[in-house]
Amino acid sequence: MAQKSASKAAPKKSAPKKSSAKNAAPITSPLSNSDRDITGRVLQDTLLDLIDLHLVAKQAHWNVVGKFFRDVHLQLDELVNSARGFADDVAERAVTIGISPDGRASTVAKGSGLPDFPADWRTDGQVIEAIVDTLGEVVGRLRKRIDETDKTDLVSQDLLIAISSDLEKSHWMWQAQLA
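Cut-offs applied
Residues numbered from 1 in each chain as written. Predicted model: local features only at pLDDT ≥ 70, side-chain atom pairs only at ≥ 80, totals over all residues. Heavy atoms only, no water. Helix = DSSP H or I, 4+ residues; strand = E, 2+ residues; numbered from the N terminus. Buried < 20%, exposed > 50% of the residue type's maximum accessible area, 1.4 Å probe, protein only. Contact = heavy atoms within 4.5 Å. Areas by Shrake-Rupley, 256 points an atom, 1.4 Å probe, with all protein chains shown as cover. Core = buried A, V, L, I, M, F, W, Y, C linked by side-chain atoms within 4.5 Å. Axes fitted to C-alpha atoms, helices over the stretch in contact; angles between N-to-C directions. Parallel < 35°, antiparallel > 145°, perpendicular 65-115°, else oblique. Nonpolar A, V, L, I, M, F, W, Y, C, P; charged D, E, K, R; others polar. Polar contact = N/O pair within 3.5 Å; in protein donor to acceptor, adjacent residues only side chain to side chain.

What am I meant to see in the overall build of the protein chain here?
Counting secondary structure elements, the protein chain contains five helices and two strands. Sequence-ordered secondary structure for the protein chain, helices as α and strands as β, is α-β-α-α-β-α-α. Counting over 179 residues, the protein chain shows a buried share of 39%. Excluding contacts between residues fewer than 6 apart, the proportion of contacts in the protein chain whose partners are at least 24 apart in sequence is 83%. Within the structure as shown, the protein chain displays about 11,200 Å² of accessible surface, and the carbon and sulfur contribution to it stands at 53%.

Teacher, can you tell me more about the nonpolar core here?
Of all hydrophobic cores here, the largest spans 42 residues; its most connected members are Leu 53, Ile 131, Leu 167 and Trp 174. Apart from residues lying up to four places away in sequence, Ile 131 is in contact with Val 56, Ala 57, Ala 60, Leu 76, Leu 79 and Trp 174.

Looking at this model, I keep getting lost on the side chain of Ser 164. Mind explaining?
Within the secondary structure, Ser 164 is located in helix 5 (residues 154-176). When sequence neighbours within four positions are dropped, the list of residues in contact with Ser 164 reads Val 139, Leu 142, Arg 143 and Ile 146.

Mind showing me how you'd approach the packing of helix 1 (residues 33-63) against helix 4 (residues 124-148) here?
Between two packed helices, both the angle of their axes relative to each other and the distance between the axes serve to describe the pair. One can describe the packing of helix 1 onto helix 4 by two numbers: an axis separation of 11 Å at closest approach and a directional angle of 170°. Here helix 1 is positioned roughly antiparallel relative to helix 4, judged by the angle of their axes. Contacts between helix 1 and helix 4 pair Ile 38, Arg 41, Val 42, Asp 45, Thr 46, Asp 49, Leu 53, Val 56, Ala 57 and Ala 60 from the former with Val 127, Ile 131, Thr 134, Leu 135, Val 138, Arg 141, Leu 142, Arg 145 and Glu 148 from the latter. Its residues placed into classes, the contact of helix 1 with helix 4 shows eleven nonpolar, two polar and six charged.

Whenever I open this one, the side chain of Asp 153 confuses me. Can you help?
Relative to the assigned elements, Asp 153 resides in the loop between helix 4 and helix 5. Asp 153 sits in the buried class, given a relative accessible area of 6%. A distance of 2.4 Å separates a polar atom in the side chain of Asp 153 from a polar atom in the side chain of Ser 156. What Asp 153 contacts, discounting residues up to four positions off in sequence, is Leu 31, Thr 39, Arg 93 and Ile 97.

Here you go:
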């Protein structure tokens, strides 16, 4: 049997070329750099608020007491689930436009603009008032961000509009309990 010469051996596959730019984004954006940066900031700020909303609602969920405990407890679970889902949608939209989202606890603590929720037990009435205030803040901040994305990215704006619509409905339902 004849041996194959080294020159006739199958060519080695070369490794994929790496980007020469240090820390180059692996995801390209359909937006211009300027529009991506503006929209990315809006999405990042929204992500922080939604993560914090979920944490506030969960803290309230664990510490609510009172005559309407069960109803408020269950309603808080709904808010937690909504906020978590919206946060995921916002983070995935950021990735889609080439922005790396940052939802670390330290980033949320530094960057969220939501009111603090106190530690310890809270009556159902205190919880409802706090959630009304928190949702009002989230909705107000979202509406400003909707305006900011009007010229930069209508797809992200549409996402923010949908989130705002749902949270405004939730805000109304929480407010109705105070009437």
